[in-house]
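# Structural features, examined
Here is what each chain is made of, one letter per residue.
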Amino acid sequence: MKLLVQIHPDDNVAVAPLAITAGTRDDSGVVLGEIPAGHKAALRAIAAGEPVVKYGFPIGIATEAIAAGAQVHSHNLRTGLAEDTQLKYEPNRSSSESGGSVPHFMGYRRPDGRAATRNEIWIVNTVACVNVPSQRIADLAAREFVVAGGLIDGIHAFTHPYGCSQLGDDLGHTRKILAGLVRHPNAAAVLILGLGCENNTLKSFLAEAGTLDPQRVRFFNAQEVQDEIEHGLAAMRELVDYASQFKREPIPASELVLGMKCGGSDGFSGITANPLVGRIAERLSAWGGTAVLTEVPEMFGAEAPLFNRCESAELFGEALAMVNGFKDYFRRHGEAVHENPSPGNKDGGITTLEEKSLGCIQKGGLAPVKQVVGYGDAARQQLGGLCLVEAPGNNGVSCTALAAAGAHEILFTTGRGTPLGVAVPTLKIASNHDLATRKPNWIDFDAGKLLEPEVSEDSVTDELMELILETASGKPARNEINGFREIAIWKQGVTL
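Residues numbered from 1 in each chain as written. Predicted model: local features only at pLDDT ≥ 70, side-chain atom pairs only at ≥ 80, totals over all residues. Heavy atoms only, no water.

## With respect to the overall build of the protein
Within the protein, the secondary structure is distributed over 13 helices and 20 strands. For the protein, whose C-alpha radius of gyration is 23 Å, the value lies close to the compact-globule estimate of 23 Å for 496 residues. Evaluated residue by residue, the protein yields a buried proportion of 57% over its 496 residues. Taking as baseline every contact in the protein between residues at least 6 positions apart, the subset at least 24 positions apart corresponds to 72%. (Helix = DSSP H or I, 4+ residues; strand = E, 2+ residues; numbered from the N terminus. Rg over C-alpha atoms; globule rule 2.2 N^0.38 Å. Buried < 20%, exposed > 50% of the residue type's maximum accessible area, 1.4 Å probe, protein only. Contact = heavy atoms within 4.5 Å.)

## A few points about the state of the cysteines
Overall, the coordinates contain 0 disulfides when judged by the stated rule. Between Cys164, a cysteine without a disulfide, and Cys129, which holds the nearest cysteine sulfur, the sulfur-to-sulfur distance is 6.0 Å. Distance from the sulfur of Cys360, which forms no disulfide, to the nearest cysteine sulfur (Cys262) is 3.7 Å. The exposure class assigned to Cys360 is buried, which follows from its relative accessible area of 2%. (Disulfide = S-S within 2.5 Å.)

## Digging into the packing of helix 2 (residues 168-183) against helix 3 (residues 202-209)
For the pair helix 2 and helix 3, interaxial distance at closest approach is 9 Å and the crossing angle is 60°. Viewed along their axes, helix 2 and helix 3 adopt a mutual orientation that is oblique. Of the two possible hands of crossing, helix 2 and helix 3 adopt the one that is right-handed. Where helix 2 abuts helix 3, its residues Arg175, Lys176, Leu178, Ala179, Val182 and Arg183 lie against Ser204, Phe205, Glu208 and Ala209. Split by residue class, the contact of helix 2 with helix 3 holds 5 nonpolar, 1 polar and 4 charged. (Axes fitted to C-alpha atoms, helices over the stretch in contact; angles between N-to-C directions. Parallel < 35°, antiparallel > 145°, perpendicular 65-115°, else oblique. Left-handed = near helix turned anticlockwise from the far one by under 90°. Nonpolar A, V, L, I, M, F, W, Y, C, P; charged D, E, K, R; others polar.)

## Examining the environment of Glu486
Structurally, the position occupied by Glu486 is in the segment after helix 13 (478-482). Residue classification places Glu486 among the partly exposed residues on the basis of a relative accessible area of 43%. Residues Glu486 and Thr400, 86 residues apart in the sequence, show an inter-C-alpha distance of 8.4 Å. Once residues within four sequence positions are removed from consideration, Glu486 is found in contact with Phe158, Thr400, Leu420, Gly421, Val422 and Ala423.

## Topic: helix 10 (residues 395-404)
What sets the pattern is the α-helix's 3.6 residues per turn: residues three or four places apart point alike. Of all the 10 residues making up helix 10, 9 are buried; the element is thus mostly covered by neighbouring parts of the structure. Inspection of helix 10 places Gly396, Val397, Ser398, Cys399, Thr400, Ala401, Leu402, Ala403 and Ala404 among the buried residues, and these make up the whole buried set. Buried residues belonging to helix 10 abut helix 2, strand 14 (257-262), strand 15 (290-293) and strand 18 (409-414). Two or three places before Gly396, at the start of helix 10, stands the capping residue Asn394, its side-chain oxygen 3.1 Å from that residue's backbone nitrogen. Residue Gly406 follows helix 10 closely and has a positive phi angle near 110°. (Polar contact = N/O pair within 3.5 Å; in protein donor to acceptor, adjacent residues only side chain to side chain.)

## Here we look at the packing of helix 2 against helix 10
Think of two packed helices as two axes; the pair is described by the angle between the axes and how far apart they sit. For the pair helix 2 and helix 10, the least separation of the axes is 8 Å and the interaxial angle reads 50°. By the criterion of interaxial angle, the relationship of helix 2 to helix 10 is oblique. Considering how the two elements wind past one another, helix 2 and helix 10 form a crossing that is left-handed. Between helix 2 and helix 10, the contacting residues are Ile177, Gly180 and Leu181 on the first element and Thr400, Ala401, Ala403 and Ala404 on the second. Residue composition of the contact of helix 2 with helix 10, by class: 5 nonpolar, 2 polar and no charged.

## Some details on the nonpolar core
Core analysis: the largest hydrophobic core is formed by 109 residues, its most contacted members being Phe307 and Leu388. Per-element accounting of this core gives the leading share, 9 residues, to helix 7 (residues 313-332). Setting aside residues no more than four positions away along its own chain, Phe307 makes contact with Tyr89, Met299, Phe316, Ala319, Leu320, Val323 and Leu388. In this structure, Ala142, Phe145, Ile229 and Ala235 belong to the second largest nonpolar core, which totals 31 residues. (Core = buried A, V, L, I, M, F, W, Y, C linked by side-chain atoms within 4.5 Å.)

## With respect to the pairing of strand 3 (residues 51-54)
Two faces make up the sheet, and in a regular strand the side chains alternate between them. Bridge analysis of strand 3 against strand 4 (residues 57-62) gives 4 bridges, and the strand direction is antiparallel. Residue pairing for strand 4: Lys54 is matched across the bridge by Phe57. Between strand 3 and the antiparallel strand that follows it, strand 4, lie 2 residues; Tyr55 among them carries a positive phi value of about 65°. (Pairing = 2+ DSSP bridges.)

## Points about the side chain of His160
Among the structural elements, His160 can be located in the loop between strand 10 (154-158) and helix 2. Judged by its relative accessible area of 3%, His160 falls in the buried class. For His160, the side chain forms a polar contact with the main-chain nitrogen of Tyr162, separated by 3.1 Å. His160 has contacts with Asn125, Thr126, Val127, Ala128, Asn131, Thr174, Leu178, Ile487 and Ile489, leaving out every residue within four places of it along the chain.

## Brief notes about the pattern of salt bridges
One pass over the structure, following the stated rule, counts 22 salt bridges. A salt bridge links Glu295 to Lys261, with the nearest nitrogen and oxygen atoms 2.8 Å apart. Pair noted here: Glu295 is in the loop between strand 15 and helix 6 (303-307) and Lys261 is in strand 14, with a separation of 34 residues, a long-range link. With respect to class, Glu295 is no different from Lys261; both count as buried. (Salt bridge = Lys/Arg side-chain N within 4 Å of Asp/Glu carboxyl O.)

## Regarding the sheet that holds strand 11 (residues 187-194)
The 4 strands lie next to each other as 10-9-11-12, forming an open sheet whose pairing is parallel. Sheet topology places strand 10 and strand 12 (217-221) at the edges, where each strand pairs with a single neighbour. Strand after strand, the sheet turns through a mean of 15° between neighbouring axes, direction not considered. Across the sheet, helix 2 touches strand 9 (120-125) and strand 11, and the angle it forms with strand 9 is around 160°. Sitting on the sheet, helix 3 is in contact with strand 9, strand 11 and strand 12, with an inclination near 160° to strand 12.

Spelled out as structure tokens, the structure:
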């Protein structure tokens, strides 16, 4: 294994795959300082005020002179991020990976023609007041119909703390996300449970959800029935009868929608796991499938290489407006736009937001950006390509937004580890071998093997794609095995 990994030929820093002891000489004879694993070393002398370059783009400004071989981190590197993004559209139509022949997975075909990877029944409640009844109905129904009968893949309630005492955008966000879940094809059938006096009234919520198949969806307010548990179980029996008609059948992988997410990133994320997921995005896009990317604050500083892949100037303008709108959101709350990376990110070797962002966007590979959609909106599957979704970087909130956008699975890269899972299979991809070894109950795939010189990118990409297709065909992700299934909704404003 090399002492240092240089990602791009224009970079003036490189990453240490393993911890380096001070005094070690690199291949060119430069004496290195003490460099923790995943952290950066200067490849040459860098003057104070000079840009530090990684991924071929500046990740910040040197705050002091940095000797060749010295560690580059928070003590000598600061962000150069601007308050607003000023960018000219310069289309970059770099060719992405060829998709090759389109494989198939064993999925479900819904009456409206959409594909699904799970045949589940979901309970979506309009307000937190009925969280406990929702979960009770799900638990009792699962015991009766899943464990005993095995007719469907699972029954799950997605509880949350909202739906009442909310105003404006907050109430709108709650409705949009929950409506997106109701429409998700992985839910063969849905029970919507309301209370009866909440701001998110059943009537207004159903209007947000749009036209619903009455065979597939049941709904009622708990205040309007004598026993909401028994009433809910009666509805579930009808929904189980409906859902049990669906059987797995071969479906082209071009119909998959994959969400791309990173959380608890480290210095290896932008070298191993994120580029690996990016190659999956390229392959899927070449087949005509859809890759969904979010975490808008982790696009700050990386807009040029990402947005210049937009297919039109109009789409480029939408992406730029999304980023600058997010910066306005930060400023309205008195927060600096560069208030990132997290302490865990820094411990793992990431110094500035630009560095984090340039690593984050690797998950899109070179796939063309074909759509930009708002928070809670669905990706337009007929467009394919890369879809950018408005949502913050928070793991739970952004993963829920990816699910509401229609993602069948989420490819979640991580260098630090997390047990998180949302409404859809959430495959955890470790950026380093140590994490994959320490937390096998969390991690689905080890991308750390890409640091080994004898391992080819193509073989690891093929291996991950095989796992994606197996998961789409019913193999449970770790989060499903562990029962880690939850949602989180973006809250911005006042609670009454």
